[in-house]
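# Structural features, examined
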There are 2 protein chains.
Amino acid sequence: MHALIYRDGRMRVGEIDDPRPAAGQALVKTLACGICGSDLHFVHHAHHVVETSSRIGGGFPIDLGRDIVLGHEFCGEIVERGRGPNALAAGTRVCSIPFTHADGSGQSLGFSADRPGGYGQYMVLNERNLVPVPNGLSAEHAALTEPMAVGLHAVNRARLLPEDVALVIGCGPIGLAIIAALKIQGISDIVAADFSASRRRVAEAMGATLVVDPATVSPYASWAAVAYPQGYQPGSLDAFLKVGPQPRPSVIFECVGVPGMLQKVFEGALAGTRIVVVGVCMEPDRFEPLFPLNKENDVIFCFYYSGEEYARSLHNIAEGLIDVAPMTSRTVGLNEATDAFAALESGAEDIKIIVDPWK
Amino acid sequence: MHALIYRDGRMRVGEIDDPRPAAGQALVKTLACGICGSDLHFVHHAHHVVETSSRIGGGFPIDLGRDIVLGHEFCGEIVERGRGPNALAAGTRVCSIPFTHADGSGQSLGFSADRPGGYGQYMVLNERNLVPVPNGLSAEHAALTEPMAVGLHAVNRARLLPEDVALVIGCGPIGLAIIAALKIQGISDIVAADFSASRRRVAEAMGATLVVDPATVSPYASWAAVAYPQGYQPGSLDAFLKVGPQPRPSVIFECVGVPGMLQKVFEGALAGTRIVVVGVCMEPDRFEPLFPLNKENDVIFCFYYSGEEYARSLHNIAEGLIDVAPMTSRTVGLNEATDAFAALESGAEDIKIIVDPWK
């Protein structure tokens, strides 16, 4: 099959063996696959990713001496009906979490030399993970299920209260997914910050109630003014002694993931703010513990999502609860994918670019 | 009155004006005051504490150009009956949170040039904060209420599950308070780690079910073997996909508070472990975000406690639910207090030394 192949720090379009389904697996023709920030990172820092994952005991033991087909935000179509009693018919459009269960342990798809991801024309998926795409939803939009699941999971982990005032730092795909999930949960005050005007526009379209350009206004002060209308007053003894005006419960979603960002969040947080870290900072980071200590913050780190959250996200898109159209700028073929990677890295106007390996 | 006076980085015993109660306040004769690690720190790093607190917006605006009487773990005796309808009689033995409410904001006692703490012969306390000491409990043991409240608050913030496997890193007074609170909550597996053999002995006496010397055995491996009897397997994809044997829910209490400690905790944590940070690391710290991200840890920072937790802690001591006797090594007078500070800093056998300003 044709595929975008990663090897030795470079990407090229080439031929690779079609993957072959084993028992309990389906051969799926890839229709669409979104480019994720972690794909961009992997291309430049694969050795660091693999080495760190190994130190953590994580799920990404990747043989970098072989061809790798990335892509984990995908939608496809079943090529051949499976043999199980609940097998889906050929031609059924499906999504799946980008993981397989084999040999008693979970393995990733799209970060693996053994299991090609969505930048190839075919994938092999576990039948138990397949979710049919309802309502004639387009493959491009269904491919957004994965980042939407990341956002939904982050919101589910935030232990939201109905009166929470939310701040979303960074309006890339994950920040936008969080805004959409917050809106569905009925959160009435969603402050969102991004340097990009186009991303701020999309944030507003997806449910942000106040958007802020950090180049001109402090996102933290804007958000705190909503949480604490009596005046901006960061965490202190008063919150714990319940002296004076108390802020509304508050939550910050950190969706940037660069060193120094978390310390800024700690400086801007209020007493008792829950801080949900979704941005993936790959390098060591530095912070001053006295800030979160003094404010008694909870820091909730998020990385995965459950199969239920994944299926719920597809439902949310297909039922129109989330309109992902403003996020998806364009669809490219394999030959244009490398340029699309570069465009996303340059931080220009694109938010999510979809790869169609058959285009 | 006689008091241990801090000024310009030095401690000396001297005379200072008796504090005078205002409306709603009681004059209290100090009977006992425990020496806390934060007192030791303040003596050497007062300017850093004040400057950092100011940056955080915290509750410690301290005038370092004046005499300061430290001490916030105290028990005293009411000198004169107050005027309110619920005022306690003279001679009543009382404890109090080391905070006052005045002018619409909370202020600390024992870290203040205006409100002398428990290393002076008299204190002025807010009547609404006074808690009578029941059951003829000794003042030395009642003075342990404050560190016990810190531990109880940390345990209350940990969102414990009945089947949690707990690890307590560091068995100073706060680690021991946490062990005691975990035992009261019915947690059946409490692993505790400290380099000091005497502290490990006290940890066992207070409820630890397994004590570990980190010089010879990894506390994390010992704890994980309880949480994950199928074999030590740190966080990975499997926990999120629910593939293979799942660990019991788990929680780590970090009670050391030195740079680098949190990263060690992140390395040792399991997938989903809640990490409660109670150790007060005063310096900037460094960590690798990929560890808590990949394991989806919650990091719960603790600093204060509520009035209810304080009163509950006094109850726990007075009713014999916590035996603080193994923690309190000796009681000294003001003239011996400076030597006691030095003994605690040397990390010798003492755990908690009590100052009696009338001795």
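Residues numbered from 1 in each chain as written. Chains lettered and ligands numbered in written order. Predicted model: local features only at pLDDT ≥ 70, side-chain atom pairs only at ≥ 80, totals over all residues. Heavy atoms only, no water.

As annotated in an unreviewed UniProt entry, chain A is Alcohol dehydrogenase from Sphingopyxis witflariensis.

## Brief notes about the overall build of chain A
A tally of helices and strands in chain A yields 11 helices and 18 strands. If you line up chain A on its principal axes, its C-alpha atoms span 65 × 40 × 40 Å. Restricting the contact set of chain A to residue pairs at least 6 apart, pairs at least 24 apart contribute 71%. Accessible surface computed for chain A: about 13500 Å², of which carbon and sulfur atoms make up 51%. If the 28 positive side-chain charges of chain A are averaged to one point and the 40 negative ones to another, these points end up 2 Å apart. (Helix = DSSP H or I, 4+ residues; strand = E, 2+ residues; numbered from the N terminus. Contact = heavy atoms within 4.5 Å. Areas by Shrake-Rupley, 256 points an atom, 1.4 Å probe, with all protein chains shown as cover. Lys, Arg positive; Asp, Glu negative; His and termini not counted. Charge placed at Lys NZ, Arg CZ, Asp CG, Glu CD.)

## Observations concerning the domain arrangement of chain A
Residues and elements named next belong to chain A. The assigned domain composition of chain A is domain 1 (2–144 + 324–355) and domain 2 (147–301). Its C-alpha centre places domain 1 at a distance of 30 Å from the equivalent point of domain 2. Between domain 1 and domain 2, the residue contacts involve 13 residues of the former and 12 residues of the latter. Between domain 1 and domain 2, the buried area comes to about 1100 Å², and carbon and sulfur atoms account for 70% of it. (Domains from an automatic or database assignment. Buried area = accessible area lost by both parts, 1.4 Å probe.)

## Quick notes on the sheet that holds strand 11 (residues 189–193) of chain A
Strand order across the open sheet formed by 12 strands is 12(A)-11(A)-10(A)-13(A)-14(A)-16(A)-16(B)-14(B)-13(B)-10(B)-11(B)-12(B), with mixed pairing between neighbours. Each edge of the sheet is formed by a strand with only one pairing partner; in this case those strands are strand 12 (210–212) of chain A together with strand 12 (210–212) of chain B. Going from strand to strand, the sheet's axes swing by 15° on average, the running direction of each strand aside. Pairing between strand 10 (residues 165–169) of chain A and strand 11 of chain A: 5 bridges, direction parallel. The residue bridging Leu167(A) from the neighbouring strand is Val191(A), located in strand 11 of chain A. (Pairing = 2+ DSSP bridges. Axes fitted to C-alpha atoms, helices over the stretch in contact; angles between N-to-C directions.)

## Comments concerning the interface of chain A and chain B
The interface is formed by 57 residues belonging to chain A together with 57 residues belonging to chain B. Summed over both sides, the interface of chain A with chain B buries roughly 5000 Å², with 65% coming from carbon and sulfur. Taken together, chain A and chain B are joined by 8 salt bridges. The tally of links between chain A and chain B comes to 18 residue pairs in polar contact (both at pLDDT 80 or more). For the side of chain A that touches chain B, the per-class residue count stands at 27 nonpolar, 18 polar and 12 charged. Pairing geometry for strand 16 (residues 298–301) of chain A and strand 16 (residues 298–301) of chain B, over 3 bridges, is antiparallel. Bridging across to strand 16 of chain B, Val299(A) finds its partner in Val299(B). (Salt bridge = Lys/Arg side-chain N within 4 Å of Asp/Glu carboxyl O. Polar contact = N/O pair within 3.5 Å; in protein donor to acceptor, adjacent residues only side chain to side chain. Nonpolar A, V, L, I, M, F, W, Y, C, P; charged D, E, K, R; others polar.)

## What to know about the side chain of Glu254(B)
Residue and element names in this part refer to chain B. Of note, Glu254 is situated in strand 13 (residues 250–254). In this structure the side chain of Glu254 is engaged in a polar contact, spanning 3.2 Å, whose partner is the backbone nitrogen of Gly257. Contacts of Glu254, omitting those with residues within four sequence positions, involve Ile169, Met261, Val265, Val276, Val277, Val278 and Gly279.

## Quick notes on helix 6 (residues 219–227) of chain A
Residues Pro219(A), Tyr220(A), Ser222(A), Trp223(A), Ala224(A) and Ala227(A) constitute the buried set of helix 6 of chain A. Residue Ser218(A) occupies the N-cap position of helix 6 of chain A, its side-chain oxygen lying 3.2 Å from the main-chain nitrogen of Tyr220(A). (Buried < 20%, exposed > 50% of the residue type's maximum accessible area, 1.4 Å probe, protein only.)

## So, the relation of the copies chain A and chain B
Copies of the same chain, two in number, are related to each other by a rotation about an axis and a translation along it. In the superposition of chain A on chain B (RMSD 0.0 Å, axial shift 0.0 Å), the rotation amounts to 180°. What the superposition gives is, in effect, a two-fold axis relating one chain to the other. The share of interface residues of chain A whose copies in chain B are also at the interface is 100%, consistent with both copies meeting through the same surface. (Least-squares fit on C-alpha atoms with pLDDT ≥ 70 in both.)

## Focus on the packing of helix 3 (residues 145–157) of chain B against helix 4 (residues 173–184) of chain B
All names here are of chain B. Following both chains from N to C, one finds helix 3 and helix 4 inclined at 55°, their axes separated by 8 Å at the closest point. Taken together, helix 3 and helix 4 sit at an angle that is classed as oblique. With respect to the hand of their crossing, helix 3 and helix 4 are arranged in right-handed fashion. For the pair helix 3 and helix 4, contact is made by Pro147, Met148, Val150, Gly151, Leu152, Ala154 and Val155 and by Ile174, Ala177, Ile178, Ala181 and Leu182, respectively. (Parallel < 35°, antiparallel > 145°, perpendicular 65-115°, else oblique. Left-handed = near helix turned anticlockwise from the far one by under 90°.)

## Here's the deal with helix 11 (residues 334–345) of chain B
All names here are of chain B. Over its 12 residues, helix 11 extends 17 Å from the first C-alpha to the last, a length consistent with the 16 Å expected when each residue adds 1.5 Å. Listing the buried residues of helix 11 in full gives Leu334, Ala337, Ala340, Phe341, Ala343 and Leu344. The arc enclosing the buried residues of helix 11, seen along the axis, measures out at 160°, which places them on a common side. The exposed residues of helix 11 that point more than 90 degrees off its buried face are Asn335 and Asp339. Tucked into the core, helix 11 has its buried residues touching strand 1 (2–7), strand 2 (10–15), helix 1 (37–56), strand 17 (328–332) and strand 18 (352–355). One or two residues past the end of helix 11 sits Gly347, with phi positive at roughly 70°. (Expected span 1.5 Å × (residues − 1). Arc of directions from axis to C-beta.)

## Details of the pattern of salt bridges
All names here are of chain A. Scanning all chains against the criterion turns up 26 salt bridges over all chains. A salt bridge links Lys352 to Glu73; the shortest N-O distance between them is 2.8 Å. Of this pair, Lys352 sits in strand 18 (residues 352–355) while Glu73 sits in strand 4 (residues 73–78); the two residues are 279 residues apart in sequence, bridging distant segments of the chain. There is no split in this pair, since Lys352 and Glu73 are both buried. Close ionic contact of Asp213 with Arg200 constitutes a salt bridge, the shortest N to O distance being 3.7 Å.

## With respect to unusual backbone geometry
A positive phi is found at Asp8(A), a non-glycine position, where the angle reads about 55°. In the Ramachandran plot, Glu296(B) falls in the positive-phi region, its phi being about 50° despite a non-glycine side chain. As for its placement among the helices and strands, Glu296(B) is situated in the loop between helix 9 (290–295) and strand 16. Take Glu296(B): its relative accessible area is 4%, and that puts it in the buried class.

## Digging into the side chain of Ser108(B)
Residues and elements named next belong to chain B. Mapped onto the elements, Ser108 comes out in strand 7 (residues 105–108). When its relative accessible area of 2% is taken as the criterion, Ser108 is described as buried. Within the local environment of Ser108, its side chain forms a polar contact with the backbone oxygen of Phe111, the two atoms lying 3.3 Å apart.

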